[in-house]
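# Understanding the architecture of this molecule
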Amino acid sequence: MPTILSLLLGMCLMLGLVALHARMTGFRAQRPRDYATTLPHFDLRRYLNGPIQCEGVIYGPMGRVSSRFVADFDARWDGNVGVMTERFRYDSGAVQNREWTLTLGNDGSVKATAPDVVGEGHGRAEGAGVQLTYRLRLRPEAGGHVLRVTDWMYLMENGTIMNRSQFTKFGIKVAELVATMRKKDA
């Protein structure tokens, strides 16, 4: 009996160390302050404004592409409050619409709401990076699960925004999204 207990304890310890390593060195280890001195400065009111073209892929839990999409966004600001409408067209033929309301604090904080977001998303803009975390309820045809989402957007020198998002359930990564966003040509 002590051998089995030692084995189980060792397995739990190893799983804990693997989880700690991922938390301390991986995607989730980033903090907005890590980008505080990077340029160009990511002012959401400037770069997420007007018509925006977006292309991206969604990776499933095994790292394979599970979906591709193109999207049209349109963002408008009234002071520190912006509304961004999104229309996604997936490779499956499905279409999804979402409307975000973004509220910027004078300290770099970001609050975000959308109909499929549970509660309110919170984030921060510093330097060339913006982080946003929220809980997203999937559509019923996708199971209706609530996932924890961490979005990171990085502003490139040419004005393109690189977006990487991870979706987790019970702390386990179940999907990842990589996308580009750029202003549409006039």
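The following refers to the structure shown. This structure is a prediction, so every number in the text was calculated from the model and none was measured. The written sequence of each chain sets the order in which its residues are numbered from 1. In keeping with the predicted nature of the model, local features appear solely for residues at pLDDT of at least 70, side-chain atom pairs appear and are counted solely at 80 or more, and the whole-chain, interface and lining totals rest on all residues. Side-chain descriptors were evaluated using all non-hydrogen atoms of the structure, hydrogens and water having been removed beforehand.

Attention shifts here to the environment of proline 40. Mapped onto the elements, proline 40 comes out in the loop between helix H1 (2–25) and helix H2 (44–47). The sequence separation of proline 40 and lysine 111 amounts to 71 residues, and the corresponding C-alpha distance is 22 Å. We call two residues contacting when some pair of their heavy atoms lies within 4.5 Å. Apart from residues lying up to four places away in sequence, proline 40 is in contact with Gly127, Ala128, Leu155, Met156 and Glu157. Only DSSP runs of H or I reaching four residues or more are called helices, and only runs of E reaching two or more are called strands; each is numbered from the N terminus.

The next thing to look at is the pattern of salt bridges. Whenever a carboxyl oxygen of Asp or Glu lies within 4 Å of a side-chain nitrogen of Lys or Arg, that contact is scored as a salt bridge. Enumeration according to the criterion identifies 12 salt bridges in this entry. Linking arginine 76 and aspartate 74 is a salt bridge whose minimum nitrogen-to-oxygen distance equals 3.2 Å. Residue arginine 164 is joined to glutamate 176 by a salt bridge in which the shortest nitrogen-to-oxygen separation is 2.4 Å. Of this pair, arginine 164 sits in strand E9 (residues 161–169) while glutamate 176 sits in strand E10 (residues 172–183), placing them 12 residues apart in sequence. Each of Asp72, Arg89 and Lys184 takes part in one network of salt bridges that share partners.

Residue exposure (1.4 Å probe, protein chains only): buried if accessible area is under 20% of the type maximum, exposed if over 50%, otherwise partly exposed. Of all 10 residues that make up strand E8 (residues 146–155), nine are buried, and the element is covered over most of its length. Sheet analysis places strand E7 (residues 129–137) next to E8, joined by nine bridges and oriented antiparallel. If you follow tyrosine 134 over to E8, its bridge partner there is valine 149. Pairing of E8 with E9, which is carried by eight bridges, proceeds in the antiparallel orientation. Bridging across to E9, tyrosine 154 finds its partner in methionine 162. The turn joining E8 and E9, which pair antiparallel and follow one another in sequence, is formed by five residues; a positive phi near 95 degrees is taken by glycine 159. The rule for pairing is simple: two strands pair if DSSP sees at least two bridges between them.

Interpretation note: all reported values are geometric properties and have no functional meaning in isolation.
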